[in-house]
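Below, each chain spelled out in residue letters.
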Amino acid sequence: MSEFRIHHDVNELLSLLRVHGGDGAEVYIDLLQKNRTPYITTTVSAHSAKVKIAEFSRTPEDFLKKYDELKSKNTRNLDPLVYLLSKLTEDRETLQYLQQNAKERAELAAAAAASSTPSFSAPAAASKISMQELEELRKQLGSVAVAPTVQQSLELTRKMLRDKQNKKNSGQRLPVFPAWVYERPTLVGDFLTGSGVSTDTAVPIGSLPLASQESAVVEDLLYVLVGVDGRYITAQPLAGRQSRTFLLDPSLDLSIRELVNRVLPVAASYSTVTRFIEEKSSFEYGQVNHALAAAMRTLVKEHLVLVTQLEQLQRQGLLSLQKLWFYVQPATRTMHILASVASSVDKGECVGGSTLSLLHDRSVNYTGDSQAQELCLYLTKAASVPYFEILEKWIYRGTINDPYSEFMVEEHELRKEKIQEDYNDKYWDQRYTVVQRHIPSFLQKMAGKVLSTGKYLNVVRECGHDVTCPVAKEVIYTLKERAYVEQIEKAFNYASKVLLDFLMEGQELLAHLRSIKRYFLMDQGDFFVHFMDLTEEELKKPVDDITPPRLEALLELALRMSTANTDPFKDDLKIELMPHDLITQLLRVLAIETKQEKALVHADPTELALSGLEAFSFDYVVKWPLSLIINRKALTRYQMLFRHLFYCKHVERRLCGVWLSNKAAKQHSPHGAQGFAGAFTLRQRMLNFVQNMQCYMMFEVLEPTWHVLEKSLRSASNIDDVLGHHTSFLDTCLKDCMLTNPELLKVFSKLMSVCVMFTNCMQRFTPSMTLDGELGRPALELPPEAEWAEERTRRERARKRLAEHVDTPQLASSFEATISKFDKNFSAHLLDLLARLSIYSTSDCEHGMASVISRLDFNGFYAERLERLSAERSQKVAPQVPALRGPPAPAPRVAVTAQ
């Protein structure tokens, strides 16, 4: 049982028991996973458990009756459930709790029923009821349902099955028998009860001599054994699906009556089998039931041959009642087993695989009775032929031909094109699914491999390649399950190899993944330098003002100008402008299949207008069948990683641009640059933060995880392993890059915003510092006398530009205050990030986060500030900020200064 199934069952049990609060389901789930042991089904353990519950129960007859009913319906996992209940009878504490819980739930249900049930008063018997009162009474009491006849219920069942099958096979309608087949009861080889057939009962049989009574009864029994009423033995009408009963002349001699009662069960079994054959021969019940009915019809023909031979003896006067019982006695067991199988299939409404499960279980249960087991094996082999034909086509060719919905694998109408469009598309998981009730019990262990084998071959077929398994061999039913295991294993190994070779070699899966890594994970350094240089001005614009064809042209130019030109798949790279920022995209992905999904889907993409840099992302064109691996879900994860890395690279470029501007400014004004020391220090701290984060993500997350992925893909044995390794790679990258934690991502985004705002501010301050330096140059640096006039004109223009800058609010005398505010905001957000990383690295066992802490706080500078801040807050009786729990500081705590 999977962890998801355990979680679901525990929650459902708590809901049924109405248990709220406490430790929740997680505690029970952990206990179950640690302490569970597999249940080994044996007849002895199931019988002893049943006996124990019957002894414990107040109404053992009802329990045993219910158990037999469920057993006759071939209910799955019945014996493990009974074994579990027998164990509960030994636990007094649990029993007391369940009894108390049942009492509380009953009281709550009674209270709820009393509050919700509308009260109405019936009119007095003597008073007349008006039409309005009659109508109200009719509505309150509801319509009286008339019990349908057996024929009507069978017709309703056939209609339901027919509608279901026609809905599945929308392209072709399945054949049906004409209506007159069901309207003419004489076509069925069963008794015609209530048809008005006259019987000669003028002379009571008791008035005849004993020899005449025996002769008349023998003749009647020969009729009854083939489904025809006799003169003194008549069949009773059926009520539902119960067994046939007979009415004997009450004046019949007791000794003869005793022998007749021994023979009549054969006639009752014949009646049950005949009705089953006629009913299950209809198209709607599927090919497995058709084959089972045909096998039963063969055995019924042998029974009719026996009756014919007995009739010949009777006509010759050589058949007495004792001889009749002697000849019929061997057929009694056969007809009883056939009737029992027919009744069980009817009660369980078995179709396809469930019918085979019932027959297989019967064959196993008759292990001590060789004749009964041989009969059940004959029926099972005959019924399994059409099922195994479907199975062979599936595991050897990858096709399903299942018009009556009997096979364990069900096909759903899903388009493979949507796998590149819809993030939540589950083509690979939901195109073909396993139907539990149609899995034969002897194939239960191999159901997963049966599903995968056909899926692998089906993918290759849909690519236009005809595949036929070279190890194909006819599947024949046997009690030795090893035979099925070997055949399915061989087919699975072949299908796995065919599809894996087709994807890895024919479709070059690994080369495509390397190409995606080159662009989405920024593995191609020179390409991004060219691309960001070319698109810098265009991406600064609002997203609505950007021309996508121009970006496509610049992308093409950057690809041709860099070493990416050698990539054979570079033309699959496309540009996409997303409608929302990275955080919104992450929240939408995390909210899929949750209550918040609808609210986020219908919400506005973002409150603020996005810039091209915030909306920019790459996209990649993937064709079938590679889209099974590189589907929209995987591409969305690649896009989130790319947008994260790309924006970090953009911020780094901006900070490097500020560094270059400051270098030029310091050349013009070495004395004035002293006032910018705080700004230079803050810039260097920001640059150190951004570069260390990039270094961590590129060299400690992406590269090592990619090498693990490549190694895993080379050793993968089937496509499911490839899917699992690729998904695990993306999940690990997203988690270690802090993209699966909205809280960390929001803090990181604030830090990036502070850096960008700081660069914008510095870009506005730098021209004033440069102009101030030019105006204050010493006389020794002035140009020669011949150029003095031109220099004087240039200085006048510089003064005017400086005056314009001084007039702006940003260039007022509050420069130091502005930088101090930036420093305060950056430090606060960075300390918040480090504190959160410290918590996650210890409480959630995210040990990779400790590496980020050691990079950003390599000399303990931030740890010291965090401790100081915690002390100040504790003095003010404020909530304490968690202290940084990163690696110990290896060096004296010295603040980082600008280079």
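Criteria and cut-off values
- Residues numbered from 1 in each chain as written.
- Predicted model: local features only at pLDDT ≥ 70, side-chain atom pairs only at ≥ 80, totals over all residues.
- Heavy atoms only, no water.
- Helix = DSSP H or I, 4+ residues; strand = E, 2+ residues; numbered from the N terminus.
- Buried < 20%, exposed > 50% of the residue type's maximum accessible area, 1.4 Å probe, protein only.
- Contact = heavy atoms within 4.5 Å.
- Areas by Shrake-Rupley, 256 points an atom, 1.4 Å probe, with all protein chains shown as cover.
- pLDDT = per-residue confidence, 0-100.
- Salt bridge = Lys/Arg side-chain N within 4 Å of Asp/Glu carboxyl O.
- Patch = residues over 30% accessible without salt bridge, like charges linked within 9 Å, V, L, I, M, F, W, Y side chains within 5 Å.
- Core = buried A, V, L, I, M, F, W, Y, C linked by side-chain atoms within 4.5 Å.
- Axes fitted to C-alpha atoms, helices over the stretch in contact; angles between N-to-C directions.
- Parallel < 35°, antiparallel > 145°, perpendicular 65-115°, else oblique.
- Left-handed = near helix turned anticlockwise from the far one by under 90°.
- Nonpolar A, V, L, I, M, F, W, Y, C, P; charged D, E, K, R; others polar.
- Phe/Tyr/Trp six-rings, centres within 6.5 Å; stacked < 30°, edge-to-face > 60°.
- Expected span 1.5 Å × (residues − 1).

**Q** Honestly, the overall build of the protein chain in this entry has me stumped. Any pointers?
**A** Secondary structure summary: the protein chain contains 32 helices and six strands in total. The buried share of the protein chain, taken over its 899 residues, is 41%. Considering only contacts within the protein chain whose residues lie at least 6 apart along the sequence, 75% involve residues at least 24 apart. Total accessible area computed for the protein chain in this model is approximately 49100 Å², and 55% of it derives from carbon and sulfur atoms.

**Q** I'm lost on the confidence of the model for the protein chain in this one. Help?
**A** The predicted coordinates should not be examined in detail at positions where pLDDT is low. On average, residues of the protein chain score 75 in pLDDT, and 69% of them reach the 70 mark or higher. Under a pLDDT of 50 for its full length, residues 592-607 has, in the predicted model, 14 contacts with residues more than four places off or in other chains.

**Q** Would you mind showing me how to read the pattern of salt bridges here?
**A** For side chains bearing opposite charge, pairing can occur when the charged atoms are close. Applying the stated rule across the entire model yields 26 salt bridges. Arg653 is paired through a salt bridge with Asp533; the nearest N and O atoms lie 2.8 Å apart. Separated by 120 residues along the polypeptide, Arg653 in helix H25 (residues 632-668) and Asp533 in helix H20 (residues 525-539) bring together distant segments of the chain. Residue classification places Arg653 among the partly exposed positions, given a relative accessible area of 28%. Residues joined by salt bridges that share partners form a network here, namely Glu279, Lys280 and Asp346.

**Q** Please explain a nonpolar patch on the surface as it appears in this structure.
**A** A surface patch of nonpolar side chains, amounting to about 260 Å² of accessible area, comprises Leu81, Leu84 and Leu85. The residue Leu85 is located in helix H5 (residues 78-88) in this model. Owing to a relative accessible area of 36%, Leu85 belongs among the partly exposed residues under this scheme.

**Q** Got a minute to help me understand the nonpolar core in this structure?
**A** Generally speaking, nonpolar side chains in soluble globular proteins are found buried as a group. Counting residues in each nonpolar core, the largest one holds 110 residues, and the members touching the most others are Phe527, Phe618 and Phe689. If one sorts the elements of this core by residue count, helix H26 (residues 677-715) sits on top with 15 residues. The contacts of Phe689, once residues within four sequence positions are left out, are Phe748, Leu751, Met752, Phe826, Leu830, Leu833 and Leu856. Val273, Leu391, Ile395 and Ala491 belong to the second largest nonpolar core, which has 85 residues in total.

**Q** Explain unusual backbone geometry here, please?
**A** Backbone geometry follows two general trends: most residues other than glycine have a negative phi, and most peptide bonds adopt the trans configuration. The step from Trp624 to Pro625 runs through a cis peptide bond, and the omega angle for that step is 10°. Take Pro625: it is sitting in the loop between strand S6 (616-620) and H25. Phi at Ser405 is positive, roughly 55°, even though this residue is not glycine. Turning to its location among the elements, Ser405 is positioned in the loop between helix H15 (370-397) and strand S3 (409-411).

**Q** Help me out: how do you make sense of the packing of helix H12 (residues 286-315) against helix H13 (residues 321-348) in this one?
**A** In a pair of packed helices, the angle between the axes and the distance between the axes together describe the arrangement. H13 packs onto H12 with a crossing angle of 160° between their chain directions and a minimal axis gap of 11 Å. Between H12 and H13, the angle falls in the class roughly antiparallel. Every pair of crossing elements has a handedness; the one defined by H12 and H13 is left-handed. Where H12 approaches H13, its residues Asn289, Leu292, Met296, Leu299, His303, Leu306, Leu310 and Leu313 are matched on the opposing element by Leu324, Tyr327, Val328, Ala331, Met335, Leu338, Val341, Ala342 and Val345. Split into classes, the residues belonging to the contact of H12 with H13 amount to 15 nonpolar, two polar and no charged.

**Q** Can you help me understand the packing of aromatic side chains in this one?
**A** Any aromatic ring pair is given by two values, namely how distant the centres are and how the planes are angled relative to each other. Under the counting rule described, the total for this entry stands at 29 aromatic pairs. Look at Phe758 and Phe822: their rings are 5.8 Å apart centre to centre, the planes differ by 80°, and that puts the pair in the edge-to-face class. With Phe758 in helix H28 (residues 742-775) and Phe822 in helix H30 (residues 815-843), this residue pair connects regions lying 64 residues apart in the sequence. Here Phe758 and Phe822 have matching classes, each one buried.

**Q** Please clarify how helix H10 (residues 210-224) should be interpreted in this entry.
**A** A turn of α-helix holds 3.6 residues, and therefore any two residues three or four places apart point the same way. Compared with an ideal rise of 1.5 Å per residue, which puts 15 residues at 21 Å, H10 spans 21 Å between its outermost C-alpha atoms and is within 8% of the ideal. If you check which residues of H10 are buried, you get Gln213, Ala216, Val217, Val218, Asp220, Leu221, Leu222 and Val224. Along its buried surface, H10 packs onto strand S1 (233-235), strand S2 (246-248), helix H11 (254-280), H12 and H13.

**Q** How should I be thinking about the environment of Val217 in this particular structure?
**A** Examined against the element boundaries, Val217 turns out to sit in helix H10. Accessibility expressed as a relative area gives 1% for Val217, which makes it buried. For the pair Val217 and Gly230, spaced 13 residues apart in sequence, the C-alpha to C-alpha distance is 8.5 Å. With residues up to four places along the chain from it excluded, the contact list for Val217 reads Ile205, Ile233, Leu252, Ile256, Val260 and Leu321.

**Q** Help me understand H12, please; the structure alone is not making it clear to me.
**A** Look at H12: 43 Å from first C-alpha to last across 30 residues, which is about the 44 Å you get at 1.5 Å a residue. Within two residues after H12, Gly317 carries a phi angle of roughly 75°, on the positive side.

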